[in-house]
Amino acid sequence: MASQWQIQHAAQLIQQGGVIAYPTEAVWGLGCDPYNEQAVRRILAIKQRPMHKGLIVIAGAIEQFAELLQDLSPEQLQQLQASWPGPNTWLVPHKQRLPHWVTGAHSTVALRVSDHPLVQQLCALTGPIISTSANPAGLPAATSRLRIEQYFHQQLDAILDAPLGGYHSPSLIRDLSTGAVIRPM
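The protein carries the name Threonylcarbamoyl-AMP synthase in an unreviewed UniProt entry, which gives Thiopseudomonas alkaliphila as its organism. Of the comments in the UniProt record for the protein, the one headed Catalytic activity (unreviewed entry) reads "L-threonine + hydrogencarbonate + ATP = L-threonylcarbamoyladenylate + diphosphate + H2O".

A.B. asks: Looking at this model, I keep getting lost on the overall build of the protein. Mind explaining?
C.D. replies: From N to C terminus, the protein includes seven helices and 10 strands. For 185 residues, the compact-globule estimate of 2.2 N^0.38 gives 16 Å, and the protein sits close to it at 15 Å. Once the C-alpha set of the protein is aligned to its principal axes, its extents read approximately 45 × 30 × 30 Å. Classification of the 185 residues of the protein by burial places 50% in the buried group. Of all intrachain contacts in the protein linking residues separated by at least 6 positions in sequence, the fraction that spans at least 24 positions is 68%. By element, 51% of the accessible surface of the protein is carried by carbon and sulfur atoms, the whole surface being about 8,700 Å².

A.B. asks: What is the right way to look at the packing of aromatic side chains in this model?
C.D. replies: Two aromatic rings, taken as a pair, are described by how far apart their centres are and by the angle between their planes. Counted by the stated rule, this structure contains two aromatic pairs. Relative to Trp84, the ring of Phe65 lies with its centre 5.9 Å away and its plane at 50°, an arrangement referred to as tilted. Here Trp84 lies in the loop between helix H4 (74–83) and strand E4 (88–93) and Phe65 lies in the loop between strand E3 (56–59) and helix H3 (66–69), a separation of 19 residues in the sequence. Of the two residues examined, Phe65 and Trp84, each falls in the buried class.

A.B. asks: Just to check I follow, could you spell out the side chain of Ser131 for this structure?
C.D. replies: One can find Ser131 in the loop between strand E6 (129–130) and strand E7 (132–133). Every residue in contact with Ser131, bar those within four places of it in the chain, is listed here: Tyr22, Thr24, Leu30, Ile56, Ile58 and Arg112.

A.B. asks: Explanation requested: the packing of helix H1 (residues 4–15) against helix H6 (residues 117–126) in the structure shown.
C.D. replies: Axes are the key here: two packed helices are described by the angle between their axes and the distance separating the axes. Following both chains from N to C, one finds H1 and H6 inclined at 50°, their axes separated by 9 Å at the closest point. Viewed along their axes, H1 and H6 adopt a mutual orientation that is oblique. Considering the relative orientation of H1 and H6, their crossing is right-handed. Counted together, Gln4, Ile7, Gln8, Ala10, Ala11, Ile14 and Gln15 of H1 and Leu118, Gln121, Leu122, Leu125 and Thr126 of H6 form the full contact between these two elements. Here the contact of H1 with H6 is composed, by residue class, of seven nonpolar, five polar and no charged.

A.B. asks: Help me understand the sheet that holds strand E1 (residues 20–23), please; the structure alone is not making it clear to me.
C.D. replies: Strand pairing in a sheet is mediated by backbone hydrogen bonds. Such pairs are either parallel or antiparallel. One open sheet holds the four strands; their spatial order is E7-E2-E1-E8, and the pairing between them is mixed. Both edges of this open sheet fall to E7 and strand E8 (158–159), since each of them pairs with a single strand only. Judged from the two bridges that link them, E1 and E8 form a sheet pairing that is parallel. Each bridged residue has a counterpart across the sheet, and for Ala21 the counterpart in E8 is Ile159.

Thresholds, definitions, all that
The written sequence of each chain sets the order in which its residues are numbered from 1. For this predicted model, a pLDDT threshold of at least 70 governs which residues receive local features, and a threshold of 80 or more governs which side-chain atom pairs are given and counted, while totals over whole chains, interfaces and linings are taken from all residues. In computing side-chain properties, one takes all heavy atoms of the structure into account and sets aside hydrogens as well as water. UniProt positions are given in the numbering used here, feature names are shortened, and annotations may be inferred rather than shown by experiment. Starting at the N terminus, helices and strands are each numbered in turn, a helix being any DSSP run of H or I of at least four residues and a strand any DSSP run of E of at least two. Our radius of gyration is a C-alpha quantity, and the globule rule it is checked against amounts to 2.2 Å times the number of residues to the power 0.38. Note on classification: 1.4 Å probe, protein chains only; a residue is buried when its accessible area is under 20% of the maximum for its type, exposed when over 50%, partly exposed between these limits. Any two residues whose heavy atoms approach within 4.5 Å at even a single point are treated as in contact. Residue-level accessible areas treat just the shown protein chains as cover; the underlying method is Shrake-Rupley with a 1.4 Å probe. Here a pair means two rings of Phe, Tyr or Trp (six-membered ring of Trp) with centres within 6.5 Å. Their orientation is stacked below 30 degrees between planes, edge-to-face above 60, and tilted elsewhere. Inter-axis angles, ranging from 0 to 180 degrees, are taken between N-to-C directions of lines fitted to C-alpha atoms, where helices are fitted over the stretch in contact. Comment on the angle field: the value is read as roughly parallel under 35 degrees, roughly antiparallel over 145, roughly perpendicular from 65 to 115, and oblique elsewhere. In this scheme the crossing of two helices becomes right-handed for a clockwise turn of the near helix relative to the far one and left-handed for an anticlockwise turn of less than a right angle. Residue classes follow a fixed rule: Ala, Val, Leu, Ile, Met, Phe, Trp, Tyr, Cys and Pro count as nonpolar, while Asp, Glu, Lys and Arg count as charged, and any other residue, Gly among them, counts as polar. Two strands make a pair as long as DSSP finds a minimum of two bridges between them.

The following block contains the structure:
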């Protein structure tokens, strides 16, 4: 399990433009500061993922998304609050409040408030971070530190080692405006 010092060190790396791997609810993720274009482009290059697809942004508490959620209806906010923290990712209109290198070609951004203790501790120090599955395009998402090392040998600034969150599949993705399920669990 990652120590408090390791979590603080990873947070500093993120704030300095670094890219890290960390466990999430079901798979390992790659993370960085979503406002640091160079760091996001580095993740996209490591994953061989095109920018137009967009990325998930993860937080440790719903309050960390306050700016992005300010235009939602009370019903939409209630829906988010009822599903977070947990393995629920929502596509939310971003209204140009996030850079294009995060949102890709979409008018929405994928947001999740994690119930993973390590993610909550990390985001308490950094604010929201990118959370994209730790795998090169076309390969299965990493479910172990060993797989992280095999996929990304020396391409990451840190690996925060801790158990996965106990779920068996990546988060459910739904569109907040329509309720449509984009990716089932």
